[in-house]
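Observations on the three-dimensional arrangement
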Amino acid sequence: MSSSILFLLAIGLALLGWLAGRMRAAAFAAGATRADRPHSLAGYHAAYVALWVVIPAMIFATVWAGVMPRLVTAEVLASPAATSLSSDPLERSAILSEARALASGEIKIAFNPAAEALAPAVGSARWHFGLIGLALTGIMGLAGGAYALRRSRPSFRARTAVERIVKLVLLSASLIAILTTIGIVASLLYESIRFFGMVAPTDFLFGLRWSPQAAGGGDMTALGAVPLFWGTIFIGAIIAMVVAIPLGLMSAIYLTQYADARVRTWMKPLLEILAGVPTVVYGYFAALTVAPLIRKFGDTLGIPGTSSESALAAGLVMGIMIIPFVSSMADDALAAVPQSMRDGSLAMGATKSETIRRVLVPAALPGIVGGVLLAVSRAIGETMIVVMAAGLAANMTANPFASVTTVTVQIVQLLTGDQEFESAKTLAAFALGLVLFVVTLVLNIVALAVVKRYREAYD
C-alpha cells in the first residue's frame, strides 16, 4: 500500500472535517440572537476543524512513509523465506531490492531465485504495515477533528485560531527552507574537510593538473582544479555572457522603448519561454546542431585543435538559454527609470537613441548589472549543456573550438556509479561543490545588493 493513499486519506478526512465544522457552525448560528451571535463566520470554524484533521494526519503519514520501508525490511528478514539469504550485506541488499521490484510489479522475472522466494513476504509485509498506517492516519485525523469540533462554539474565536495556525505553517515552511540550506552547507563542509585532510588546499585550488584516475592510484597532486575553474569561467562567464548580454539588453531596449504594446504582449512571453525550456533540450540542440556546425567552421578556417565537442558550442547555447534572465532584469530596470528623465532629455533636443544611450541605460545600469550577475550564477551551475556539447577533457586552453569541461560536469562524473566515499577521488566532488556554492552565493549576494541599491534610488 503506497504512501500516496495515506495522504489521500488525510485530504479526504479534511474535507469531511470541513463539512462537519461548517454544519456545526451553521447550527449554532441559526438560533443565535444579535447579542450572542458567533464571533467568527462559519467558514473559519470549518477551516479550523479541517486544519486540525489534516495537519496531524499529514505529519503522521509523512513519518510513516519514512519508517515503513524499514519495518517491512525487518519483517521480511525475520520471515522463514529469509533464512537462506547470504550474510554479505551487498548481496543481501541486491536480493531485497529485486524482491521489492517483484512485489511492486516493476519487474516480472527475477535474476536471483532467492528474490522470487522473498517477493511474497515483501508483499505481505507491505500490506500489513500499509493497513496499520492507514488505520493510524485515520485515527490521528479523527482525533484532531474531534478536538476541534469540541472547541467549536459561538464564543470561540475561530478566525484568530485559523490565522495563528496558518502563521505557524508558514513559519515552519520558512524554517524547513533555512534548515535545508544549513544541511546542504554542513554536508559540503564535512566532506570537504575530509577531502582537505587528504589533499592540500593549495594543491586543489591552484593545481594545474586534473586527473581523478591518477588520484585514485594515490597521486594526490593530480587533483588540481584550476582547469575546471577555467572551463567554467570560459564557457559560463565569457562565451555565454558575450551572447546573452548584448542580445538580452537589446531585446529589453526594443520591448520597452520601440515595440508597440500589441507586439510586446506576445513577444515578451515568447522570449521568456526560453527560460522554461529544459536544459537537456538545449543540450541536444548544442550537440546535434550547433557543435557540428562549429567544427565544420573551424576545419574550414584551418584552426588547430578543433573538436566535435567545443567550449564555443556549449557557450553559445548557454548564452541563448540565459537571455531571458538578462532581458527581464534589464526590462524592469529600464521601465523603472522616471519618465521625467526621458522627457528632460527629449526636451533638450536629444533623439530617442541618444536618450537611451546617454540617459536610460546609465540610469538603469545597476539593475542591468544585477541581472547579469544573476545570469552568470545561473550559467556557471549549468551541467547538461556542457556534458553534451563541451566534453569531459580538463584542458587549460583559450581556444573556443577545443574541448573543455566545467566544475559541475566533473561533479557528475565523480559521483556517477558505485563510488567509495573514503577516497580523495570521490570526496573531490564535495570540495568542487563547496567552491561552486561559495562562488554562486557571492554572485547572488552582490547582484541582490546592486538591485536593492538601484531600487532605492528610484522608489
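From a predicted model like this one, the values you see are computed outputs, not experimental measurements.

Quick word on the overall build of the chain
- When you go through the chain residue by residue, the secondary structure sums to 17 helices and zero strands.
- For a compact globule of 459 residues, the expected C-alpha radius of gyration is about 23 Å, and the chain comes in at 30 Å, more than 25% above that figure.
- Across the 459 residues in the chain, those meeting the buried criterion constitute 40%.
- Across the chain, contacts joining residues at least 24 apart in sequence account for 71% of those joining residues at least 6 apart.
- Separation of charge centres in the chain, based on 32 positive and 25 negative side chains, amounts to 15 Å.

What to know about the environment of G298
- With respect to the helices, strands and loops of the structure, G298 is situated in helix α10 (residues 279-301).
- Setting aside anything within four residues of it in sequence, one finds G298 in contact with I303, T306 and F401.

Topic: the pattern of salt bridges
- Counted by the stated rule, this structure contains six salt bridges.
- For E191, the salt bridge identified is with R194, shortest N-O distance 2.8 Å. With E191 and R194 both in helix α5 (residues 158-196) and three residues apart, the pair spans about one turn of that helix.
- Residue E191 is classed as buried on the basis of its relative accessible area of 15%.
- Residue R194 is classed as partly exposed on the basis of its relative accessible area, which comes to 22%.
- Where R378 meets E382, a salt bridge forms, and the shortest distance between an N and an O atom there is 3.2 Å.
- Within this structure, R264, K268 and D331 form a network of salt bridges that share partners.

Some details on the environment of G141
- Relative to the helices and strands, G141 is located in helix α4 (residues 113-151).
- In sequence terms G141 and Y284 are 143 residues apart; their C-alpha atoms lie 48 Å from each other.
- Excluding anything up to four places from it in sequence, G141 contacts L13, W52, V53 and A57.

Points about the side chain of S327
- Residue placement: S327 occurs in helix α12 (residues 323-335).
- Within the structure, S327 has its side chain in polar contact with the side chain of S251 (distance 3.2 Å).
- Setting aside its immediate chain neighbours within four residues, S327 contacts G248, S251, A252 and L271.

Regarding the packing of aromatic side chains
- Applying the stated criterion to the full structure yields nine aromatic pairs.
- Taking the centre distance of 6.4 Å and the plane angle of 90° together, the rings of F204 and F229 count as edge-to-face. Taken together, the residues span a long stretch of sequence, with F204 in helix α6 (residues 201-206) and F229 in helix α8 (residues 226-258) at a distance of 25 residues. The residues F204 and F229 share a single accessibility class, namely buried.
- Pairwise contacts between aromatic rings join F195, F196, F204 and F229 into one cluster.
- Here K352 stacks its cationic end above the ring of Y258, 5.1 Å away from the centre of that ring.

Some remarks on a nonpolar patch on the surface
- On the surface, a nonpolar cluster with roughly 580 Å² of combined accessible area is contributed by L168, L171, L175, I178, L179 and I182.
- Within the element layout of this structure, I182 appears in helix α5.

Section: the environment of A244
- With respect to the helices and strands, A244 occurs in helix α8.
- Relative accessible area serves as the criterion here: at 0%, A244 is assigned to the buried category.

Focus: the nonpolar core
- If you look at the biggest cluster of nonpolar residues, it comprises 72 residues, and the most contacted ones within it are F195, F204, W210, I235, M241, I322 and L432.
- Of the residues forming this core, the biggest block, 12 residues, is contributed by helix α14 (residues 352-380).
- Here L432 is in contact with F204, W210, A225, L228, F229, V407, Q410, I411 and L414, once residues within four sequence places are set aside.

Remarks on a positive patch on the surface
- On the surface, R24, R150, R151, R153 and R164 cluster together to form a positively charged patch.
- On the secondary structure map, R24 appears in helix α1 (residues 3-30).
- Accessibility expressed as a relative area gives 38% for R24, which makes it partly exposed.

Remarks on helix α11 (residues 311-321)
- Among the 11 residues that make up α11, nine are buried, leaving the element largely enclosed by the rest of the structure.
- Taken together, the buried positions of α11 are A311, L312, A313, A314, G315, V317, M318, G319 and M321.
- Elements that come into contact with the buried residues of α11 comprise α8, α10, α12, α14 and α15 (384-389).

A word on the packing of helix α2 (residues 42-77) against α4
- Relative orientation of the contacting elements α2 and α4 amounts to 160°, with a least axis distance of 8 Å. The angle between α2 and α4 falls in the class roughly antiparallel. Regarding α2 and α4, the two cross each other, and that crossing is right-handed.
- A per-class count over the contact of α2 with α4 returns 24 nonpolar, seven polar and three charged.

Quick look at the side chain of R342
- Structurally, the position occupied by R342 is in helix α13 (residues 339-347).
- Although R342 is buried, it makes no salt bridge; D343 carries the closest opposite charge, 7.2 Å away.
- Within the local environment of R342, its side chain forms a polar contact with the backbone oxygen of L334, the two atoms lying 2.7 Å apart.

A word on the confidence of the model for the chain
- On average, residues of the chain score 83 in pLDDT, and 93% of them reach the 70 mark or higher.
- Taken element by element, the predicted model of the chain shows its lowest mean pLDDT in helix α7 (residues 212-216) (73) and its highest in α11 (90).

Considering the packing of α2 against α5
- With their axes 8 Å apart at the nearest point, α2 and α5 run at an angle of 40° to one another. In the packing of α2 onto α5, the handedness of the crossing is left-handed. Here Y44, H45, A47, Y48, L51, W52 and I55 of α2 lie close against α5, whose contacting residues are A158, R159, A161, V162, I165 and V169.

Thresholds applied
- Residues numbered from 1 in each chain as written.
- Predicted model: local features only at pLDDT ≥ 70, side-chain atom pairs only at ≥ 80, totals over all residues.
- Heavy atoms only, no water.
- Helix = DSSP H or I, 4+ residues; strand = E, 2+ residues; numbered from the N terminus.
- Rg over C-alpha atoms; globule rule 2.2 N^0.38 Å.
- Buried < 20%, exposed > 50% of the residue type's maximum accessible area, 1.4 Å probe, protein only.
- Contact = heavy atoms within 4.5 Å.
- Lys, Arg positive; Asp, Glu negative; His and termini not counted.
- Charge placed at Lys NZ, Arg CZ, Asp CG, Glu CD.
- Salt bridge = Lys/Arg side-chain N within 4 Å of Asp/Glu carboxyl O.
- Polar contact = N/O pair within 3.5 Å; in protein donor to acceptor, adjacent residues only side chain to side chain.
- Phe/Tyr/Trp six-rings, centres within 6.5 Å; stacked < 30°, edge-to-face > 60°.
- Lys NZ or Arg CZ within 6 Å of the ring centre and 35° of its normal.
- Patch = residues over 30% accessible without salt bridge, like charges linked within 9 Å, V, L, I, M, F, W, Y side chains within 5 Å.
- Areas by Shrake-Rupley, 256 points an atom, 1.4 Å probe, with all protein chains shown as cover.
- Core = buried A, V, L, I, M, F, W, Y, C linked by side-chain atoms within 4.5 Å.
- Axes fitted to C-alpha atoms, helices over the stretch in contact; angles between N-to-C directions.
- Parallel < 35°, antiparallel > 145°, perpendicular 65-115°, else oblique.
- Left-handed = near helix turned anticlockwise from the far one by under 90°.
- Nonpolar A, V, L, I, M, F, W, Y, C, P; charged D, E, K, R; others polar.
- pLDDT = per-residue confidence, 0-100.

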